[in-house]
Amino acid sequence: MAEDTRQEKRSSFSNGMMPRTSAVASGKTGASKKLVIKNFKDRPKLSENYTEDTWLKLREAVNAIQNSTSIKYNLEELYQAVENLCSYKVSPTLYKQLRQVCEDHVQAQIYLFREESLDNLSFLKRMNRCWQDHCRQTIMIRSIFLFLDRTYVLQNSLLPSIWDTGLELFRTHIVSDTAVQKRTVDGILEQIELERNGETIDRSLLRSLLGMLSDLQVYKEAFEEKFLNETNRLYAAEGQRLMQERDVPEYLHHVARRLEEENDRIVSYLDQSTQKPLISCVEKQLLGEHMTAILHKGLSILLDENRVTELALLYQLFSKVKGGLPILLQFWREYIKTFGSEIVCTPEKDKDMVQELLDFKDKMDNVAHNCFAHNEGFINAMKEAFETFINKRPNKPAELIAKYVDSKLRAGNKEATEEELERILDKIMIIFRFIHGKDVFEAFYKKDLAKRLLVGKSASVDAEKSMLSKLKHECGAAFTSKLEGMFKDMELSKDIMIQFKQYMQNQSDPSNIELTVNILTMGYWPSYTPMEVHLPTEMVKLQEVFKLFYLGKHSGRKLQWQPTLGHAVLKAEFKEVTTSVRCANANMLTVSKLILKHILKLQGKKEVQVSLFQTLVLLMFNEGEEFSIEEIRTASGIEEGELRRTLQSLACGKARVLNKTPRGKDVEDGDRFNFNMDFKHKLFRIKINQIQMKETVEEQVSTTERVFQDRQYQIDAAVVRIMKMRKTLSHNLLVSELYNQLKFPVKPGDLKKRIESLIDRDYMERDKETPNQYHYVA
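What counts and how
- Residues numbered from 1 in each chain as written.
- Predicted model: local features only at pLDDT ≥ 70, side-chain atom pairs only at ≥ 80, totals over all residues.
- Heavy atoms only, no water.
- Helix = DSSP H or I, 4+ residues; strand = E, 2+ residues; numbered from the N terminus.
- Buried < 20%, exposed > 50% of the residue type's maximum accessible area, 1.4 Å probe, protein only.
- Contact = heavy atoms within 4.5 Å.
- Areas by Shrake-Rupley, 256 points an atom, 1.4 Å probe, with all protein chains shown as cover.
- Axes fitted to C-alpha atoms, helices over the stretch in contact; angles between N-to-C directions.
- Parallel < 35°, antiparallel > 145°, perpendicular 65-115°, else oblique.
- Left-handed = near helix turned anticlockwise from the far one by under 90°.
- Nonpolar A, V, L, I, M, F, W, Y, C, P; charged D, E, K, R; others polar.
- Patch = residues over 30% accessible without salt bridge, like charges linked within 9 Å, V, L, I, M, F, W, Y side chains within 5 Å.
- Salt bridge = Lys/Arg side-chain N within 4 Å of Asp/Glu carboxyl O.
- Lys, Arg positive; Asp, Glu negative; His and termini not counted.
- Charge placed at Lys NZ, Arg CZ, Asp CG, Glu CD.
- Pairing = 2+ DSSP bridges.
- Phe/Tyr/Trp six-rings, centres within 6.5 Å; stacked < 30°, edge-to-face > 60°.
- Lys NZ or Arg CZ within 6 Å of the ring centre and 35° of its normal.
- Core = buried A, V, L, I, M, F, W, Y, C linked by side-chain atoms within 4.5 Å.
- Expected span 1.5 Å × (residues − 1).
- Bend = angle between axes of the 7 residues up to and from the residue.
- Polar contact = N/O pair within 3.5 Å; in protein donor to acceptor, adjacent residues only side chain to side chain.

### Examining the overall build of the chain
- Scanning the chain from terminus to terminus reveals 31 helices and 11 strands.
- In the chain, buried positions account for 42% of the 778 residues.
- The contacts in the chain between residues at least 6 apart in sequence include a share of 72% that link residues at least 24 apart.
- Summed over its atoms, the accessible surface of the chain is roughly 44700 Å², and 50% of this surface lies on carbon and sulfur atoms.

### A closer look at the packing of helix α5 (residues 120-144) against helix α8 (residues 162-175)
- Running from N to C, α5 and α8 cross one another at 150°; their axes reach a closest spacing of 9 Å. Compared by their axis directions, α5 and α8 come out roughly antiparallel. α5 and α8 meet at a crossing whose hand is right-handed. For the pair α5 and α8, contact is made by Met 127, Cys 130, Trp 131, His 134, Cys 135, Thr 138, Ile 139 and Arg 142 and by Ile 162, Trp 163, Gly 166, Leu 167, Phe 170 and Ile 174, respectively.
- Of the residues in the contact of α5 with α8, the class split is 10 nonpolar, 3 polar and 1 charged.

### Section: a negative patch on the surface
- Together, Glu 418, Glu 419, Glu 420 and Asp 462 make up a region of like negative charge exposed at the surface.
- With 3 residues, the single largest contributor to the negative patch is helix α20 (residues 418-433).
- One can find Glu 420 in helix α20.

### Notes on the sheet that holds strand β10 (residues 764-766)
- Read across the open sheet, the 3 strands follow the order β9-β11-β10; overall the sheet is antiparallel. If you trace the sheet from one side to the other, it starts and ends with β9 (728-730) and β10, each paired once. The sheet shows a mean angle of 25° between the axes of neighbouring strands, taken without regard to direction.
- Sheet topology places β9 next to strand β11 (residues 773-776); 3 bridges connect them, and they run antiparallel. Counted as the bridge partner of Leu 729 is Tyr 774 from β11.
- Sheet contacts for helix α30 (residues 731-741): β9, β10 and β11; angle to β9, the most-contacted strand, approximately 90°.

### Observations concerning the pattern of salt bridges
- Counted under the stated rule, the structure contains 44 salt bridges.
- The partner of Glu 250 in a salt bridge is Arg 246, with the nearest N and O atoms 3.8 Å apart.
- For Asp 406, the salt bridge is made with Arg 410, and the minimal N-O distance between the two is 2.5 Å.
- When salt bridges that share partners are traced, they join Glu 195, Arg 196, Arg 203, Glu 262, Asp 264 and Arg 265 into one network.

### Quick look at the sheet that holds strand β6 (residues 658-661)
- Taking strand neighbours across the sheet as the criterion, the 3 strands line up as β5-β7-β6 in an open arrangement whose pairing is antiparallel. If you trace the sheet from one side to the other, it starts and ends with β5 (626-628) and β6, each paired once. Along the sheet, successive strands turn relative to each other by an average axial angle of 25°, direction set aside.
- Sheet analysis places β6 next to strand β7 (residues 672-675), joined by 4 bridges and oriented antiparallel. Residue pairing for β7: Thr 661 is matched across the bridge by Arg 672.
- Of the strands in this sheet, β5 and β7 touch helix α27 (residues 629-636), which is tilted by about 90° from β5.

### Regarding the packing of aromatic side chains
- This model, assessed by the stated rule, comprises 28 aromatic pairs.
- On the numbers, 6.3 Å between centres and 55° between planes, the contact of Trp 332 with Phe 378 is tilted. In this pair, Trp 332 is assigned in helix α16 (residues 324-344) and Phe 378 in helix α18 (residues 376-390), connecting sequence segments 46 residues apart. Phe 378 carries the same exposure label as Trp 332, and that label is buried.
- A connected cluster of aromatic rings, assembled from ring pairs, spans Tyr 335, Phe 339, Phe 360, Phe 386, Phe 389 and Phe 434.
- A cation over a ring is seen here: Lys 361 above Phe 386, with NZ or CZ 5.9 Å from the ring centre.

### A short note on the environment of Leu 658
- Considering the arrangement of structural elements, one finds Leu 658 in strand β6.
- With 15 residues separating them in the primary sequence, Leu 658 and Phe 673 have C-alpha atoms 6.3 Å apart.

### Details of the nonpolar core
- Among the nonpolar cores identified, the biggest contains 151 residues, and Phe 145, Phe 223, Leu 270, Trp 332, Ile 336, Phe 441 and Tyr 445 are the most heavily contacted of them.
- In contact with Ile 336, other than residues within four places in its own chain, are Ser 341, Phe 360, Met 364, Met 382, Ala 385, Phe 386 and Phe 389.
- By size, the runner-up hydrophobic cluster in this structure holds 30 residues, among which are Ile 629, Leu 650, Cys 652 and Val 657.

### Some words on unusual backbone geometry
- Here Ser 68, not a glycine, exhibits a phi torsion of approximately 60°, which is positive.
- Looking at the secondary structure, you find Ser 68 in the loop between α2 (50-66) and α3 (75-87).
- Despite not being glycine, Asn 306 shows a phi value in the positive range, around 55°.
- With respect to the element layout, Asn 306 can be found in the loop between α14 (291-304) and α15 (308-318).

### Some words on helix α10 (residues 203-215)
- Over its 13 residues, α10 extends 18 Å from the first C-alpha to the last, a length consistent with the 18 Å expected when each residue adds 1.5 Å.
- Restricting attention to buried positions, one finds in α10 the residues Leu 205, Leu 206, Ser 208, Leu 209, Leu 210, Met 212 and Leu 213.
- Among the structural elements, α5, α8, α9 (178-196) and α11 (219-245) are those in contact with the buried residues of α10.
- Two residues or fewer past α10, Gln 217 is found with a positive phi of approximately 60°.

### Digging into α14
- With 14 residues, α14 should cover 20 Å at 1.5 Å per step; its first-to-last C-alpha distance of 19 Å lies within 8% of that length.
- At Gly 298, α14 is bent by approximately 45°, the largest bend along its length.
- Those residues of α14 lying buried are Met 291, Ile 294, Leu 295, Gly 298, Leu 299, Leu 302 and Leu 303.
- Residues of α14 that are buried make contact with α11, α12 (248-268), α13 (275-286), α15, α16 and α17 (353-371).
- Just past α14, the residue Asn 306 takes up positive phi, approximately 55°.

### Points about the side chain of Ser 268
- By secondary structure assignment, the location of Ser 268 is in helix α12.
- We classify Ser 268 as buried; its relative accessible area is 14%.
- Reaching out from Ser 268, the side chain makes a polar contact with the side chain of Arg 203 at a distance of 2.5 Å.

### A closer look at the packing of α17 against helix α19 (residues 396-409)
- Axis separation between α17 and α19 bottoms out at 9 Å; the angle between their running directions is 90°. As far as their axial angle goes, α19 and α17 are roughly perpendicular. Seen from α17, the contacting residues are Met 353, Val 354, Gln 355 and Leu 358; seen from α19, they are Pro 397, Leu 400, Ile 401 and Tyr 404.
- For the contact of α17 with α19, the class distribution of residues is 7 nonpolar, 1 polar and no charged.

### Some remarks on the environment of Ala 256
- Looking at the secondary structure, you find Ala 256 in helix α12.
- For Ala 256, a relative accessible area of 22% corresponds to the partly exposed category.
- Sequence spacing of Ala 256 and Gln 316 is 60 residues, and the spatial spacing of their C-alpha atoms is 9.4 Å.
- Residues in contact with Ala 256, not counting those within four places in the same chain, are Leu 313 and Leu 317.

Below, the structure is given as C-alpha cells:
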C-alpha cells in the first residue's frame, strides 16, 4: 500500500487538493455517479530536515556529474526532489546553491591551464576538452533542475537560465582570464597561419574552439580583431612580394586561390560574421593596393596574347574591389586607343589597315562579351575609343575602307561565299560608323563602284545592292541617291541596247561591229576627264548611228563619249603551231590526231579582250608591220603617259602580242613595235590588263580635292540657311549651329574662312559696333 500513499502525496503536493468521491447509489441499473472534488482542509507539511537532506542529495549528484562518476540516485527521483522543493517556495535558495556549486567547480578548472610546459596545440586540445566537458555537464545538470529552470528562472527575467549561467561562469572564470585567453587566441591564429602556409591542421578543433568563443560572446573582441590584423599583415607582405616575383596571369590565379581558401575557412570553422571583413581585407591587400601596378604590368600583355581566361578572371576580381572596374575601364580604353592609333597612323600599314581594324574589332568584341560580362560601360568605352583613334588621321581610313569594300565586291574574289561576304560587309559597316568623314568614303566608293559596273567587274549584284541598303540605313537616302542612280542607269542602258539592236537590224547597211553603250547621267557618276582620240572610221560611223538613234528618242539631251572607259574584243590571227606526235599504238594515234587538229585550229585564231586604247594601238598593225612610239602617238591621239602604259601592257606584260625593240620592261622614246605573229597562249580568249589598274596618286588627290570642294559648298549653304532663319547671330552661336548641322569634321579656322568668303560675296555682313555679330543680307 506504500505505492498508493506515494500517489496520494504526489497529488497533494501537486494540486493542494485531495480527491474524494461520494457516490449516490440508485436503485435503477445504469444510473450515473456524481464525482465531487473538495480542497484539503490543511496543507501537508514537510519534515524539518527535508530541504537540507534533499539539497545534499542533489549536490552529491551534481558533484558526480562534474567529476564524471556514477550517480547514486535515480534521475527521476532527483527531478521529483527538485519539483518538491520548488513547490514549497525553496526555489531562490536552491538556485543560489546550484550556482555556487557550479562556480566552485569552474573556478577549480583554471589550474588546468596554468601549466607552462604545454605547447600551443596541446593547450588548445585541453581547452577544447574542458569546454566539451563543461557543456555536457551543464546539459545533464539542467535536465535534473529542469523544473527550477522552467518555473522560477522563467518567471524572473533578470535571472539567467541554468545553461546561460554555465556559459557565464565559464566565460568569467576561464576564458576571460587574460593569460588563458591570450594563449587560446594565439594558438588558434598559429594554426590558421600554418594552414595558410600549406600545412594540414585539425579543422574540427578550430571549429569547436571558435564556436566556444562565439557562444561565450567574446568572438569579436577576443579573436576577430586580432585575426583580421594578422590577415592584413600577412597579405600585405605577400602582395608586395608576389607583385615583384610573378607575372600578372600567375598573380591573378594566386589571388583567386587565396580568396577561395578564405571562403572555405569561413564555411569550415570561422563565424559567418567574419566573412565580409575577411574577404574585404584579402581583396584590399592583394588587389586594391596593386590595381594600377597590375594593369600597367599585365593588361597589354593579356590583350595582345588574347588570354581570355585571365582577362575574365581579371574582370571578376576587379569587380569585387571598390573602384576596380572604373580603373580597368580606363586602362582598357587607353589600350584600344593606343593599339588602334598605331594601325591607323602608320602609313606603312595602309595596305592591311582595314583588315587589321576588323580583326582588332573582333578581338575586342570577344573580350567585351566573353571576359567583361557584356558590361555596357566597357562596350561604350570601346566604341568611343574606336571613334577617337580612327579619326586621328583624317580621310585616309575612309578611303581605304571604300577600297577594301571594292576588293570584296569585285569579280574574281573567291575568298568568301555569299554568306561570308554578307558577314564581312556587316563588320565593315561597324567600322564605317566610327568615321566622321563619310563623304570621303562616298567619293571613293562611287568611283570604285563605277569601275565595277562599267567594266562588268562586280562579283554579285545582290551583294552590291545589299551594301547599298546598309549605307542607306546608316546614312539616309540622300547619301545613297547618286549610287542608286548609277544602278538605275545601268538597267536603263540594257533596255536601250535591246532597242538599239532592233534598230540596227532594220538598217539597210548594218555594221559588222557589235556596239554596246552605257548611258551615264553626269550628276550620278564620277567626273571623268574627256580625252580626244582618233577612232577608226567604222567606230566613228557607228557612234553617229547610235547618237542619231538616242537623240531621236530623247531630244534635248547631249551625249559626251568617254574613251577612257571603253573596251573591246578583237579577233586576231597568229601563226599556227606544227608539232609531231609519237604514239604507242594505232588507237592512241587516231585520238592524238584529233586532239592535235583541234589545238592547231585554236593556236592560229584568238580573241583578245582589251581596253579602247589598246584597241587603237593593235588596229594600227592591220595597216603596217612596225611603228615607232611617236608614230603610234600621232596616229592614235592617245595622251603620252596613257600611251606608254598601253604599249607596256601589250609588249612587256604576260601576254606579249607586240614585240618591242630594244627589249626591256619600260617603254622609252625611240622604241619600235611590231606584231608578234609567234604569240602563243593556251586560252582562246585572252584578257590583257592595263599595267596601271590601280588608282594613281593624282587621282587620289583629285578625289580628295573634290570632296573638300563639296564640303565648302555645304558649309556655305549651311551658313546661309542658318543666317536666313536667324537674321542676326553671334560668331560663337553660328559656329555651334554649324557643328550641329554638318556631318563631316571641320576645323574652326575653315569655318571662319567660309564666313569671310560669304561676307565678301555680300551674303552677310558684320555688325559695325560688334565685330563678332553677323547680319543676314537679304
